Amino acid sequence: MKALRRGSLSGLGPSSSYSNAPYRFTTHTLPCMFGLDYRSMALFRICIGILLLLDLCVRSTYLHDHYANNGVWPNHEAVESYYAYSVHFINGHEYFQAAMFLLNGLFILFMIIGWHTRIFTCMSWFMLTSLHNRNMLVLNGGDDFLRVMMFWAMFLPLGARYSVDATNLQTNQPAAQAAQHHGTPANKYYLSWASAAPLLQFSLVYWFTAALKDSPEWQSEFTAVYYAVHLDQFATVWAVMLRGFPAIMKMLTFVTWYFEFYGPFFFFLPFSTLHGPVRTLGVLGFIAMHFGFGMCLELGFFMYIPGVSALLFLPAWFWDNLANFFKTKTSFTIIYNPRVYGLDKALSLFRMFFLLRANATLVASYSTTSSSLSAASPAYARVGRPAVVDSDDDKYNKGVAVMGGGPMVAAPNVEGSSASAGGMDSVSINMPASPSAAGARPSPYNSNSSSGEDGYDDDDEDEPFPTGEWISVVDDMRDTRYTGYDGVLQLVRASVLFFTLPLLRLDFVRRVGSSIIGPYIILPLAKKLYPRYPTLPAVCGRRYWIKEIILCFLIFTTINWNFATFYQYSVNPTYRWVTPALRLDQWWGMFSPHPPKVDGWMYMPGELHDGTHVNVFEGFGVSGGKGDAIVEVKEDGSRVYKKPELVSHQFPIQRWRKYLMNLQGATHQDKRLHFGRYLCREWNWYGRHPGPKQLKNFRIMYIQTYTPAPGQTPLPDTTIELWNHAC
């Protein structure tokens, strides 16, 4: 306890003597339990966005089948309840659905890069909810997990680090002051009801799924994994191999249940010395557990969603140790021409995303002699770091201001040596109190410089920017300098992502880069991405507290909903509508109280107009034939269908698996008519088969199998006719 009392948790606030218990609780205990690191939120934003894009791409492969009116479920049938809102209901045509998919992907892309992050996070959640409401028959528990985590993410400052918004914040003084007031990004942890909500939601998933698994298969016999790997509709090759190791399956059952119940407590450890390693261990544990699930069972994106969600909880301890492991290898000073509008922002963006292992300092320079930098130039410095003027180096930085990588404030006046000594008399920065006080954003072309009308000394012959150049990069390690495209090339080579691109050294590419890429691509893009005026408030107003109160209420309704599903009581109708309206309705009962002991596989024998018999279901299988039913033709011409080699390969993607499994149950037997009509259209329309080869009728047959207890003889299979359809 002595070490704990002496130290302070890095990134959780200022050091305290621990003599004040309430102060210690708010600055150390609460952030340990409910705080989120800004870097983890940035990683979560990028990874969850990539996951959303991949899911959208997979869904788009069967856009016509699952979302158009000519698919398996038309629009008018999908509107089941008052809360089933969706933009996909506006028009059921395939082209309109494709347009909605493209719009959804665009919103997700903007969220990934962090441009107007909160707005596009909200839009991504809305489009995701619309997509889920359009066809609920193809959804699984992973989709519910993804949707609720995206909902809580809307209230988090996901764009505080590694985003376009973050680079804009760094060159925006009022916005930076507002961010510091709210706790962003000056400290490493963000603490509010918004940070507590995803932690509690993630924990509720596993606490209640463990509580619902109260059968002997989970609690005493430890045979749950045995039954799970015998589900042929899910089982992979690894699951088939695992069936021969009963001791390992019992051990995995024990570990799975106990980690699901006790694993979330790893995130709420209130001790600062153990908080970082234990929370990191919890994150890695959930990632490993779901990776194991995905190895044995075909779960689609459910394999990745909880693991990506757990990345949100990585502590500052993890990032600090990771930064120490990848120590700085290179150091650059990037001198740019502040006359070029948007260049500072473009360089800040590149440095934030790509120069992760390089210590890159941005420097704005008008001249190599005396200069008076005003607010017109991007002459800002880090909080606590004044503008830097190196009077001993006459090569490039006489009259410069350093841009750091954090919140920016106006640099104070700097008094250096005289001009004759190679320095500058003074650096005067006249910052207006606010953008409204200034009236408009000042321009570099209207600087109040004593060296010239535009702040540039026209008589100086030793300019850092020769004619046609707009950037100069100084390698501090080798004391060498590169200008123009050569400077950009040095920055690209310093990036861990692009250092393997020798093509950039070609003379042709060099000419294209210096004449086209810089002035016509990079700079216009930077100008488009950044607004001219600050958009964040400078003070914490009433809207902030209203958001916290709303979040507190939503957390209460979510917890209450989970308890209602567990204890089987009705939620108060006064606020019951809130949860399904926001699609926070949830039930985490996968494989509870025990995994299903009844499984099966499908085949669809059909007859063409010319009398030929076919298996209509073969068109759904994955390439390779392992998912196709084995057909034996007897002497009398009858056909016998036998179990495929790997039943899980009957389905091309997880969406088809979930849809057809829903058709197998009695709850959705009314949906079989629409599926039958869909199959007839797909076979007979669009000119795919000539008249005699068109489908006349078919049946949907389900072979129900039973998984015996370990060591017992299996029961005989049962053949069930689910549907008989005439085209």
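Residues numbered from 1 in each chain as written. Predicted model: local features only at pLDDT ≥ 70, side-chain atom pairs only at ≥ 80, totals over all residues. Heavy atoms only, no water.

A. Structural view of helix α3 (residues 38-60). For α3, which comprises 23 residues, the first-to-last C-alpha distance of 33 Å matches the rise-based estimate of 33 Å (1.5 Å per residue) to within 8%. Here α3 starts with a cap whose side-chain oxygen sits 2.7 Å from the backbone nitrogen of Arg39, and that cap is Asp37. (Helix = DSSP H or I, 4+ residues; strand = E, 2+ residues; numbered from the N terminus. Expected span 1.5 Å × (residues − 1). Polar contact = N/O pair within 3.5 Å; in protein donor to acceptor, adjacent residues only side chain to side chain.)

B. Region of the structure containing empty space enclosed by the protein. Taken as a whole, this structure holds three cavities of 30 Å³ or more when the rule is applied. In this structure, the largest cavity spans a volume of roughly 40 Å³. Lining the largest cavity, in full, are Leu52, Asp55, Leu56, Asn104, Ile108, Ser124, Leu128 and Leu131. Looking at side-chain class alone, the lining of the largest cavity contains five nonpolar, two polar and one charged residues. (1 Å grid on protein atoms, 1.4 Å probe; cavity = no way out; pocket = protein on both sides within 12 Å on 5 of 7 lines; lining within 4 Å. Points joined across faces, edges and corners; volume = space filled by probe spheres on them. Nonpolar A, V, L, I, M, F, W, Y, C, P; charged D, E, K, R; others polar.)

C. Here's a closer look at a nonpolar patch on the surface. A grouping of Phe245, Ile248, Met251, Leu252, Phe254, Val255, Tyr258, Tyr262 and Phe265 is seen on the molecular surface, where their side chains present a nonpolar patch of about 810 Å² in accessible area. Structurally, the position occupied by Ile248 is in helix α15 (residues 246-262). A relative accessible area of 36% means that Ile248 is categorised as partly exposed. (Patch = residues over 30% accessible without salt bridge, like charges linked within 9 Å, V, L, I, M, F, W, Y side chains within 5 Å. Areas by Shrake-Rupley, 256 points an atom, 1.4 Å probe, with all protein chains shown as cover. Salt bridge = Lys/Arg side-chain N within 4 Å of Asp/Glu carboxyl O. Buried < 20%, exposed > 50% of the residue type's maximum accessible area, 1.4 Å probe, protein only.)

D. Region of interest: the side chain of Arg657. Summarising the element assignment, Arg657 is placed in helix α26 (residues 654-664). An unpaired buried charge is present at Arg657: no salt bridge exists, and Glu298, the closest side chain of opposite charge, is 4.6 Å distant. Polar side-chain contacts of Arg657 include one of 2.8 Å to the backbone oxygen of Gln233. The residues contacting Arg657, other than those within four sequence positions of it, are Gln233, Phe234, Glu298, Ser648 and Phe651. (Lys, Arg positive; Asp, Glu negative; His and termini not counted. Contact = heavy atoms within 4.5 Å.)

E. Local environment of the packing of aromatic side chains. Under the definition given, this model contains 50 aromatic pairs. Taken together, a centroid distance of 5.0 Å and an interplanar angle of 70 degrees make the contact between Phe110 and Trp115 edge-to-face. Across the pair, Trp115 and Phe110 agree in class, each one buried. Taking the centre distance of 5.8 Å and the plane angle of 55 degrees together, the rings of Tyr659 and Phe675 count as tilted. Taken together, the residues span a long stretch of sequence, with Tyr659 in helix α26 and Phe675 in helix α27 (residues 672-684) at a distance of 16 residues. One aromatic cluster is present, formed by Phe34, Trp207, Phe222, Phe254, Trp257, Tyr258, Phe261, Tyr262, Phe265 and Phe268 through successive ring pairs. Here Lys597 stacks its cationic end above the ring of Tyr227, 4.9 Å away from the centre of that ring. (Phe/Tyr/Trp six-rings, centres within 6.5 Å; stacked < 30°, edge-to-face > 60°. Lys NZ or Arg CZ within 6 Å of the ring centre and 35° of its normal.)

F. Just the state of the cysteines, in detail. If you walk through the whole model with that rule in mind, you get one disulfide. Across the disulfide, Cys680 is cross-linked to Cys727 (sulfur-sulfur distance 1.9 Å). When the S-S torsion is -70 degrees, as for the bridge of Cys680 with Cys727, the disulfide is left-handed. Of this pair, Cys680 sits in helix α27 while Cys727 sits in the segment after β18 (718-726); the two residues are 47 residues apart in sequence, bridging distant segments of the chain. Since its relative accessible area comes to 8%, Cys680 is described here as buried. (Disulfide = S-S within 2.5 Å.)

G. Main features of the packing of helix α11 (residues 193-212) against α15. It is the contact of α11 with α15, at a shortest axis distance of 7 Å, that shows an interaxial angle of 135 degrees. Put simply, α11 runs oblique to α15. For the crossing formed where α11 meets α15, the hand is left-handed. For the pair α11 and α15, contact is made by Tyr206, Trp207, Thr209 and Ala210 and by Trp257, Glu260 and Phe261, respectively. (Axes fitted to C-alpha atoms, helices over the stretch in contact; angles between N-to-C directions. Parallel < 35°, antiparallel > 145°, perpendicular 65-115°, else oblique. Left-handed = near helix turned anticlockwise from the far one by under 90°.)

H. Structural context of the confidence of the model for the protein. This prediction gives the protein a mean pLDDT of 75; 68% of its residues lie at or above 70. Within the model, pLDDT remains below 50 along residues 1-19, and this stretch shows 30 contacts once partners closer than five positions in the same chain are excluded. In the predicted structure, residues 367-468 sits below a pLDDT of 50 and forms 211 contacts with residues beyond four places in sequence or in another chain. (pLDDT = per-residue confidence, 0-100.)

I. Local environment of the pattern of salt bridges. Within this structure, the stated rule accounts for 17 salt bridges. Ionic pairing is found between Arg655 and Asp55, a salt bridge with its closest N-O pair at 2.9 Å. Placement of Arg655 in helix α26 and of Asp55 in helix α3 is noted, with a sequence separation of 600 residues between them. Asp55 sits in the buried class, given a relative accessible area of 5%. Two residues, Arg243 and Asp232, come together in a salt bridge whose shortest N-O distance is 3.1 Å. Note that Arg243 is positioned in the loop between α14 (237-242) and α15 and Asp232 in the loop between α13 (224-229) and α14, a separation of eleven residues in sequence. The exposure class assigned to Arg243 is partly exposed, which follows from its relative accessible area of 24%.

J. Representation of the nonpolar core. Among the nonpolar cores identified, the biggest contains 125 residues, and Phe145, Phe313, Met604, Tyr659, Leu660 and Phe675 are the most heavily contacted of them. With eleven residues, α11 is the largest single contributor of residues to this core. Residues contacting Phe145, with those up to four places away along its chain left out, are Phe202, Val205, Tyr206, Phe302, Ile305, Pro306, Ser309 and Trp588. Membership of the second largest hydrophobic core comes to 14 residues, among which are Phe332, Ile334, Leu343 and Leu362. (Core = buried A, V, L, I, M, F, W, Y, C linked by side-chain atoms within 4.5 Å.)

K. Geometry of the pairing of strand β11 (residues 480-483). Note: strand β10 (residues 471-475) against β11, four bridges, orientation antiparallel. Bridge pairing in β11 links Val473 to Tyr482. (Pairing = 2+ DSSP bridges.)

L. Broad picture of the packing of α26 against α27. Between α26 and α27, the shortest axis-to-axis distance is 10 Å and the interhelical angle comes to 125 degrees. It follows that α26 is oblique to α27 by the angle criterion. Listed contacts from α27 to Trp656, Tyr659, Leu660, Leu663 and Gln664 of α26 are Arg672, Phe675 and Tyr678. Of the residues assigned to the contact of α26 with α27, the class counts are six nonpolar, one polar and one charged.

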